[in-house]
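Letter by letter, the chains look like this.
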Amino acid sequence: MTAALLDVEDLQVELITAGGVIRAVDGVSFSIAEGETVTVIGESGSGKSTTAMAVLGLLPDDLAVLSGSVRFGGTDVVADPRALHEVRGRTVSLIPQDPMTALSPVHTIGRQLGEAVRLRKPELTKRAAEARAVELLDLVHVPRAAEQLGRYPHQLSGGMLQRVLIAIALAGEPRLLVADEPTSALDVTVQAGILALLLELQESTGIGILMITHDLGVARLVSDRIHVMRDGRFVESGEVEAVVDHPSHEYTRELLAAVPVLGPWDEDVAGGER
Amino acid sequence: MTEPLLDVRDLVVEYHVRGGSFRAVDHVSFTVHKGRTLAIVGESGCGKSTIASAIVRLLKPSSGQILLDGTDIAGLSERRMRPLRSRVQMVFQDPYASLDPHLTAQDIVAEPLRLRGVRSSADRRAQAAELIDRVGLPSSALERRPAEFSGGQRQRIGIARALASSPELLVCDEATSALDVSVQAQVLALLEDLQRDTGLTCIVISHNLGVVRRISADVVVMKAGRVVESGPTADVLAAPKEPYTRALRRAALDPTAMTGRKPRSFVTAREEVPA
């Protein structure tokens, strides 16, 4: 067992709202090692996205109060928020939920990707940064990468934009990706391609992934471990097969029962391993 | 089999765009039988919501026929259409945008009753209260406004409003796609109940094959404005004939059908073509 990339212990997040203080995350603990995908699954309002944003230090200081610890390697970013600048983008990057609004509409793909590359390696010349950008787009299987650099976000489909955003996230050469519902704005056939890409990147680079999703199908596919979240707490945690095939908590069973089943089809005949 | 309540023939819908027109629905035909549910499934841009809008005549088709119980409503003027509008009602996708925020739940459901000619305000209120009860909301909901309800509750109000017109055909355009799965399951159960009790005919527009299998007897699979495949839902999902239907079926991730750790074979990489 390698040392954890991320170690979260007893994380609490209180959000200050007009209606009073809400404890959105109420004492959750989990860790992610190299090559692992850990998924937090829950319905709206469960606190799953707040957990991800707290880990990344993206909650506004004046509206969110954090306690507990969030350690990247040895650095606790709850105790020392300034350390976040060293960590964010270099150790950990975010893949956002809606690729259609995450990029600036007035700058080219090349400029936005180039910016991310040079944040990590300011010493690169413009030409070298561009070469690196093409390399990154190749890595995420964007066809005709060099051509795409001159295009604007509105000229690309949602699936292509999500690939570009994954390339931007990878520009800092992070060891951990936080993916906040990365495919819920996409069509199912496009979703399949993005999830396949994440699995492939993990296989080839050993990158750790914190996946946030409401979709049990997505969670079952990509995860090593699953934490089922409800009202700010983990109601069930475990290895993916155990949680999906033998859920021990009533809420997990309800969630699974609520997913409409598709039933068998002719490709099942080939057996489980397709 | 009973006679069709809705018979759509050669439907074409074109939108005007700069420098020409875009054909969103391209010679689509299907029928829906009384008391049955037909699902129209496809991905974004396939034309499924445009078909819904055409059937409820929120837009006028470019050509083709929409026979409602034998009457072609495709080309009817607004004046001729109005008496027929109560017979076909729609439940919208976004429960947050489709209810008037100023009205109480009771007023929202009572409004179509007034249009239907229920003169007495007391009768309207009583019938609205009955409908709100029918969709599973407590009587305390009557005086509350949309902002005070959750997404699932709002969708129930939207269903009650649609039912207030006593429609023969209910068109649900992605009516559960903004909801959590547990809430979605409850709303689907409500639709099934209503159909069993009242013999309502339904068209369900969805991108979710699981929802389609749960709720529909027949399915039309669409891509780029055209019908790719159609037939009884159970048959189409168990043995899809067309490559596109197979791709959709393969991409629908069923958690309980997967085996092994991170089974990448379930999402065999498919290259997309940039727009």
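Analysis parameters
Residues numbered from 1 in each chain as written. Chains lettered and ligands numbered in written order. Predicted model: local features only at pLDDT ≥ 70, side-chain atom pairs only at ≥ 80, totals over all residues. Helix = DSSP H or I, 4+ residues; strand = E, 2+ residues; numbered from the N terminus. Rg over C-alpha atoms; globule rule 2.2 N^0.38 Å. Buried ≥ 20, exposed ≤ 12 C-beta atoms within 10 Å, placed from the backbone. Contact = placed C-beta atoms within 7 Å. pLDDT = per-residue confidence, 0-100. Nonpolar A, V, L, I, M, F, W, Y, C, P; charged D, E, K, R; others polar. Axes fitted to C-alpha atoms, helices over the stretch in contact; angles between N-to-C directions. Parallel < 35°, antiparallel > 145°, perpendicular 65-115°, else oblique. Left-handed = near helix turned anticlockwise from the far one by under 90°.

Novice: Looking at this model, I keep getting lost on the overall build of chain B. Mind explaining?
Specialist: From N to C terminus, chain B includes nine helices and 10 strands. At 20 Å, chain B has a C-alpha radius of gyration in line with the 19 Å of a compact globule built from 275 residues. Principal-axis analysis of the C-alpha atoms places the extent of chain B at approximately 60 × 45 × 45 Å. Looking at chain B as a whole, 45% of its 275 residues are labelled buried. For chain B, restricting intrachain contacts to residue pairs at least 6 apart in sequence, the fraction spanning at least 24 positions comes to 65%.

Novice: I tried to follow the confidence of the model for chain B on my own but got confused; where do I start?
Specialist: Detailed conclusions should not be drawn from predicted coordinates in areas where pLDDT is low. Residues and elements named next belong to chain B. This prediction gives chain B a mean pLDDT of 92; 97% of its residues lie at or above 70. Per-residue pLDDT stays below 50 along residues 269-275; that stretch engages in 21 contacts with residues further than four places along the chain or on separate chains. For this predicted complex, the interface score ipTM comes out at 0.87, while the overall pTM is 0.89.

Novice: Would you mind showing me how to read the interface of chain A and chain B here?
Specialist: Think of interface size as the accessible area that goes away when the parts come together; that is how it is often given. Taken residue by residue, the interface counts 46 residues in chain A and 43 residues in chain B. The element that contributes the greatest number of residues to the side of chain A that touches chain B is helix H8 (residues 188-205) of chain A, accounting for nine residues. In terms of residue class, the side of chain A that touches chain B is made up of 24 nonpolar, 13 polar and nine charged.

Novice: Just checking my understanding: could you explain the packing of helix H4 (residues 121-134) of chain B against helix H5 (residues 151-164) of chain B for this structure?
Specialist: The description of two packed helices rests on the angle between their axes and on the distance between the axes. Residues and elements named next belong to chain B. Direction vectors running N to C along H4 and H5 enclose 130°, while the axes themselves pass 9 Å from each other. One element, H4, and the other, H5, form an angle in the oblique class. The hand of the H4/H5 crossing is right-handed. Of H5, the residues touching H4 (which contributes Ala 128, Leu 131, Ile 132 and Arg 134) are Ala 160, Leu 163 and Ala 164. Residues that form the contact of H4 with H5 fall into these classes: six nonpolar, no polar and one charged.

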